[in-house]
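The primary structure of each chain is shown beneath.
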Amino acid sequence: KLKISGMATIIKTKEEEEIVRGGGRRLAFVLGELGKAAVPGVTTKELDILAERLIREKGDTPAFLNYKPDGASRPFPAALCASVNNEVVHGIPSGKELKEGDIIGLDLGLKHKGFFVDAAISVPIGKVESKYIKLIDTTREALSAGISAVKIGGRIGDISSAIEKVAARGRFGVVLVLGGHAIGKHVHETPFIPNYGRAGTGPVIQKGMLLALEPIFNESGAEVYMDRKDGYTFRTADGLRSAHFEHTVLVTEKGGEILTTL
């Protein structure tokens, strides 16, 4: 399970609200540019270089570069997590070229004026089989369902349940050991937000929380494993594909305000 580095940050002032909104807009722009650049023949390392350049051009800091989670043997060596096909999350960018028919998960975070934001998209490379488009579309739909379940006074399980129901309808596997999390002054904060669960259970959702919701669905089974060679990349146990979407949302009186809309 994800290692948590801090308690949930609560956004309390108008100034803090504008800071996290600004960070979210900046991150959304960078992810949008990466999505356009993800075409056949491009390497994941080239995408990483682009991500870091665009983040730093605005005076912000990549959230993942040199970040060392608890239990990791070394800091993460890139700004971008680039996960191709059966790579579930935390893929390390390399000289690997994207090919027609691939899908890639692009997961990126940045620090803007002391606050972190985090988002991810899954992108088809060129012409992709319809079953993979369904996987991508269903995972994106689950993110929307999870965001719709964000209500002050509700429970984290409300979000988890809403996401799981979408996976069940699509008959996709929900990765059990990975999920969303609170975010703010730290990259990963409590509470952890599983992509499965029972409505009405779990920690209370509070006004001002920043939540990074991230459904991660596999084409078939739920089982994953970490590649011990690099110590970061999770892969599907059955070798089939995975998709991943994420938004950072601010809990407001109106529900979950998406900060990282593309």
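The shown structure was predicted, so the numbers you read here are calculated from the model rather than taken from an experiment.

A. Region of the structure containing the sheet that holds strand 6 (residues 173–174). Pairing in this open sheet of three strands is antiparallel, and the strands run 6-10-13 from one edge to the other. The outermost strands of the open sheet, each flanked by one partner alone, are strand 6 and strand 13 (242–244). Where strand 6 meets strand 10 (residues 216–218), two bridges bridge the pair, whose relative direction is antiparallel. Counterpart to Val-174 in the pairing with strand 10 is Phe-217.

B. Up close: the sheet that holds strand 3 (residues 87–89). Strand order in the open sheet formed by three strands is 3-12-11, with antiparallel pairing between adjacent strands. The open sheet has two edge strands, strand 3 and strand 11 (224–226), and neither has a second partner. Ignoring which end each strand starts from, the neighbouring axes of this sheet average 40 degrees apart. The sheet contact formed by strand 3 and strand 12 (residues 234–236) spans two bridges and is antiparallel. Opposite Glu-87, over in strand 12, you have Arg-235 as the bridge partner.

C. Just the packing of aromatic side chains, in detail. Enumeration over the complete set of coordinates arrives at one aromatic pair. With a centroid separation of 5.0 Å and 85 degrees between ring planes, the pair formed by Phe-76 and Tyr-232 is classed as edge-to-face. Of this pair, Phe-76 sits in the loop between strand 1 (61–62) and strand 2 (80–84) while Tyr-232 sits in the loop between strand 11 and strand 12, and the two are 156 residues apart along the sequence. The cationic tip of Lys-185 hangs over the ring face of Phe-115; the distance from NZ or CZ to the ring centre is 4.2 Å. In this structure, Arg-241 is placed above the aromatic ring of Tyr-132, and the distance from its NZ or CZ to the ring centre is 4.0 Å.

D. Highlighting the environment of Ala-142. With respect to the helices, strands and loops of the structure, Ala-142 is situated in helix 3 (residues 130–148). Note on Ala-142: relative accessible area 0%, which makes it buried. Separated by 36 residues in sequence, Ala-142 and Leu-178 place their C-alpha atoms 15 Å apart. Aside from chain neighbours lying at most four places away, what touches Ala-142 is Ile-163, Val-166, Pro-215 and Phe-217.

E. Representation of the side chain of Asp-230 in the model. Of note, Asp-230 is situated in the loop between strand 11 and strand 12. Despite being buried, Asp-230 has no salt bridge partner; Arg-235 is the closest side chain of opposite charge, sitting 5.3 Å away. Polar side-chain contacts of Asp-230 include one of 2.7 Å to the backbone nitrogen of Tyr-232. Only 2.7 Å separates the side chain of Asp-230 from the side chain of Thr-233, close enough to count as a polar contact. Apart from the residues within four sequence positions on either side, Asp-230 is in contact with Arg-74 and Ile-92.

F. Representation of the packing of helix 1 (residues 14–37) against helix 2 (residues 44–57). Contact geometry for helix 1 and helix 2: axes closest at 10 Å, N-to-C directions at 155 degrees. Compared by their axis directions, helix 1 and helix 2 come out roughly antiparallel. Where helix 1 crosses over helix 2, the handedness of that crossing is right-handed. For the pair helix 1 and helix 2, contact is made by Phe-29, Val-30, Glu-33, Leu-34 and Ala-37 and by Leu-47, Leu-50, Ala-51, Leu-54 and Ile-55, respectively. Among the residues making up the contact of helix 1 with helix 2, the classes are represented as nine nonpolar, no polar and one charged.

G. Representation of helix 2 within the structure. Relative to the 20 Å expected for 14 residues at 1.5 Å per residue, helix 2 spans 20 Å between its end C-alpha atoms, a close match to the ideal helical length. Within the span of helix 2, buried status applies to Thr-44, Leu-47, Asp-48, Leu-50, Ala-51, Leu-54 and Ile-55. Take helix 2 and look down its axis: the buried residues cluster within an arc of 165 degrees, on one side only. Against helix 1, strand 1, strand 2 and strand 4 (103–112) lie the buried residues of helix 2.

H. Quick look at unusual backbone geometry. Residue Thr-190 is joined to Pro-191 through a cis peptide bond whose omega torsion reads 5 degrees. Note on placement: Pro-191 falls in strand 8 (residues 189–194). Even without glycine at this site, Asn-66 takes up a positive phi of about 70 degrees. Considering the arrangement of structural elements, one finds Asn-66 in the loop between strand 1 and strand 2. On the basis of relative accessible area, Asn-66 is assigned to the exposed category, the value being 55%.

Definitions and cut-offs
- Residues numbered from 1 in each chain as written.
- Predicted model: local features only at pLDDT ≥ 70, side-chain atom pairs only at ≥ 80, totals over all residues.
- Heavy atoms only, no water.
- Pairing = 2+ DSSP bridges.
- Helix = DSSP H or I, 4+ residues; strand = E, 2+ residues; numbered from the N terminus.
- Axes fitted to C-alpha atoms, helices over the stretch in contact; angles between N-to-C directions.
- Phe/Tyr/Trp six-rings, centres within 6.5 Å; stacked < 30°, edge-to-face > 60°.
- Lys NZ or Arg CZ within 6 Å of the ring centre and 35° of its normal.
- Buried < 20%, exposed > 50% of the residue type's maximum accessible area, 1.4 Å probe, protein only.
- Contact = heavy atoms within 4.5 Å.
- Lys, Arg positive; Asp, Glu negative; His and termini not counted.
- Salt bridge = Lys/Arg side-chain N within 4 Å of Asp/Glu carboxyl O.
- Polar contact = N/O pair within 3.5 Å; in protein donor to acceptor, adjacent residues only side chain to side chain.
- Parallel < 35°, antiparallel > 145°, perpendicular 65-115°, else oblique.
- Left-handed = near helix turned anticlockwise from the far one by under 90°.
- Nonpolar A, V, L, I, M, F, W, Y, C, P; charged D, E, K, R; others polar.
- Expected span 1.5 Å × (residues − 1).
- Arc of directions from axis to C-beta.

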